[in-house]
Amino acid sequence: MNSISALDLGATLYLPCTRDDLAEALLGAKRIPELRSAVLCLEDAVLERDVPVALCRLSAFLRTLALRSPGPGEPLLFVRPRNAAMLEHVLRMPGCERLSGFVIPKAHAESMPAYLVAPLHDHHRLMPTLETREACDPQEMRRLRDQLLMVQERILALRIGGNDLLRAMGLRRTAGQTAYEGPLGSIIANLVAGFAPWGFALSAPVFEQFADTALLREEVARDIEHGLLTKTAIHPDQVAVIQAALAVPAEQIEEARLLLDEDAPAVFAHDGVMCEPATHRAWAERLLDRAALFGITDTVSAPLRLVSGTDR
């Protein structure tokens, strides 16, 4: 199994497979330089009548991918099929071995087993999407968690499908508010509580108001509070905003290093805050990993200016 983590995903851009410029958009002249991951979608972003065209264009893209050597900094690539049968069809396409994995749509305890028996390559990782009414039922989520624990090394992240969850309730997000101000906020919190303590990473839902970058930054800050360190993007302009918002404030870096110091006392104070290495070590380690990928911000003079960081 490959060693990528959910943190490596950054902002994950979704592209419908009906596009005729997939290779150029992901690997060529139109490529977003900072893009870390992308999903080629055959599901909700593709009309039923357009599925044959989408499959044809995906096949052509995979053939192109198979004929070239990976370039530096190219994004991790995933495919989102419509169902388990389509997943098996994609797995027969030449070049599918170059994919990092697959996004599983509408995942729940009844649908997931069909995907888990698919003939995946050893390195393929799965990202089940929690977007049906079952995601609102803790008992159903426990059933799904029990299934996924059996194949946990295969699960890269659980993606939260915010718009579909709202649709299940007959709702749409209110303009000018983050996902956390409405009923979606409690669902996200419950999903984090139901999966994160068992070692599963979760991805934050899409922010559909792509023209409001200030509110997007605010929502990413709320995502981080919930431990969601990767987020779906639906517009190319969102990628840089999300990943800049994932940068780590400099004062948190200092606190994390103090917590991880081998000579740190069992409990100590830092800037008026109690620090306890036994309790906060996991947070500190994750914070430094995040800083290595997305940089460190000078929160006093420039909240989103990258001071340091490394490329994947």
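Use the structure listed above.
Being a predicted model, the structure only gives us computed values, none of them experimental.

Rules of the game
- Residues numbered from 1 in each chain as written.
- Predicted model: local features only at pLDDT ≥ 70, side-chain atom pairs only at ≥ 80, totals over all residues.
- Heavy atoms only, no water.
- Phe/Tyr/Trp six-rings, centres within 6.5 Å; stacked < 30°, edge-to-face > 60°.
- Buried < 20%, exposed > 50% of the residue type's maximum accessible area, 1.4 Å probe, protein only.
- Salt bridge = Lys/Arg side-chain N within 4 Å of Asp/Glu carboxyl O.
- Helix = DSSP H or I, 4+ residues; strand = E, 2+ residues; numbered from the N terminus.
- Expected span 1.5 Å × (residues − 1).
- Arc of directions from axis to C-beta.
- Contact = heavy atoms within 4.5 Å.
- Axes fitted to C-alpha atoms, helices over the stretch in contact; angles between N-to-C directions.
- Parallel < 35°, antiparallel > 145°, perpendicular 65-115°, else oblique.
- Left-handed = near helix turned anticlockwise from the far one by under 90°.
- Nonpolar A, V, L, I, M, F, W, Y, C, P; charged D, E, K, R; others polar.
- Polar contact = N/O pair within 3.5 Å; in protein donor to acceptor, adjacent residues only side chain to side chain.
- Pairing = 2+ DSSP bridges.

*Asks:* Go over the packing of aromatic side chains, please, and point to the residues and values.
*Replies:* All chains considered together, the criterion is met by 1 aromatic pair. On the numbers, 5.9 Å between centres and 85° between planes, the contact of Phe195 with Phe200 is edge-to-face. Neither Phe195 nor Phe200 differs from the other in exposure class; each is buried.

*Asks:* Tell me about the pattern of salt bridges, and please be specific about residues and values.
*Replies:* Close approach of charged atoms lets side chains of opposite charge pair. As enumerated under the stated definition, the model contains 18 salt bridges in all. Glu219 is the partner of Arg173 in a salt bridge, and the nearest nitrogen-oxygen pair spans 2.6 Å. With Arg173 in the loop between helix 6 (162-168) and helix 7 (183-195) and Glu219 in helix 8 (residues 213-225), this pair connects stretches of sequence that are 46 residues apart. Each of Glu43, Asp44, Arg80, Lys106 and Glu131 takes part in salt bridges that share partners, so that together they form one network.

*Asks:* Just give me the short version of helix 2 (residues 51-66), but keep the residues and values in it.
*Replies:* Three or four residues apart is the spacing at which side chains of an α-helix point the same way, because the helix has 3.6 residues per turn. With 16 residues, helix 2 extends 22 Å between its outermost C-alpha atoms, agreeing within 8% with the 22 Å of an ideal straight helix rising 1.5 Å per residue. When helix 2 is considered as a whole, its buried residues turn out to be Val51, Ala54, Leu55, Leu58, Ser59, Phe61, Leu62 and Leu65. Projected down its long axis, helix 2 shows its buried positions confined to an angular sector of 165°, all on one face. Turned more than 90 degrees away from the buried face of helix 2, the exposed residues are Pro52 and Cys56. Against the buried residues of helix 2 lie helix 1 (22-27), strand 2 (37-41), strand 3 (76-80) and helix 3 (84-91).

*Asks:* Describe the packing of helix 10 (residues 250-260) against helix 11 (residues 277-294), with residues and values.
*Replies:* The interhelical angle for the contact between helix 10 and helix 11, taken along N-to-C directions, is 130°, at an axis separation of 8 Å. Taken together, helix 10 and helix 11 sit at an angle that is classed as oblique. For the crossing formed where helix 10 meets helix 11, the hand is left-handed. Between helix 10, through Gln252, Ile253, Glu255, Ala256, Arg257, Leu259 and Leu260, and helix 11, the contact on the second element is made entirely by Pro277, His280, Arg281, Trp283, Ala284, Glu285, Leu287, Leu288 and Ala291. Considering only residue class, the contact of helix 10 with helix 11 consists of 10 nonpolar, 2 polar and 4 charged.

*Asks:* Quick one: what's the story with helix 3, residue by residue and with numbers?
*Replies:* By the burial criterion, the buried members of helix 3 are Ala84, Met86, Leu87, Val90 and Leu91. Each buried residue of helix 3 lies within a common arc of 155° when the element is viewed along its axis, so the set occupies one face. Taken together, the buried residues of helix 3 touch helix 2, strand 3, strand 4 (101-104) and helix 4 (112-116). Measuring from the backbone nitrogen of Ala85 back to the side-chain oxygen at the start of helix 3 gives 3.3 Å, which picks out Asn83 as the cap.

*Asks:* Let's hear about unusual backbone geometry: which residues, and what values?
*Replies:* Note: most peptide bonds trans; most residues except glycine with negative phi. In the Ramachandran plot, Lys106 falls in the positive-phi region, its phi being about 50° despite a non-glycine side chain. Among the structural elements, Lys106 can be located in the loop between strand 4 and helix 4. Look at Lys106 and you get partly exposed, because its relative accessible area is 25%. Unlike most non-glycine residues, Asp271 shows phi in positive territory, near 50°. Within the element layout of this structure, Asp271 appears in the loop between strand 10 (268-270) and strand 11 (273-275).

*Asks:* Give a detailed account of the sheet that holds strand 5 (residues 125-130), specifying residues and quantitative values.
*Replies:* Across the sheet, 8 strands lie side by side as 7-6-5-4-3-2-1-8; this open sheet has parallel pairing. Across the chains shown, the open sheet's two edge strands, defined by having one partner strand only, are strand 7 (202-203) and strand 8 (231-233). Sheet analysis places strand 1 (residues 11-16) next to strand 8, joined by 3 bridges and oriented parallel. Each bridged residue has a counterpart across the sheet, and for Thr12 the counterpart in strand 8 is Thr232.

*Asks:* Let's hear about the packing of helix 5 (residues 138-149) against helix 7: which residues, and what values?
*Replies:* Contact geometry for helix 5 and helix 7: axes closest at 10 Å, N-to-C directions at 40°. As the angle between them shows, helix 5 and helix 7 are arranged oblique. Classified by chirality, the crossing of helix 7 by helix 5 is right-handed. Each of Met141, Leu144, Arg145 and Leu148 in helix 5 lies in contact with helix 7, whose residues at this interface are Leu191, Gly194 and Phe195. Among the residues making up the contact of helix 5 with helix 7, the classes are represented as 5 nonpolar, 1 polar and 1 charged.

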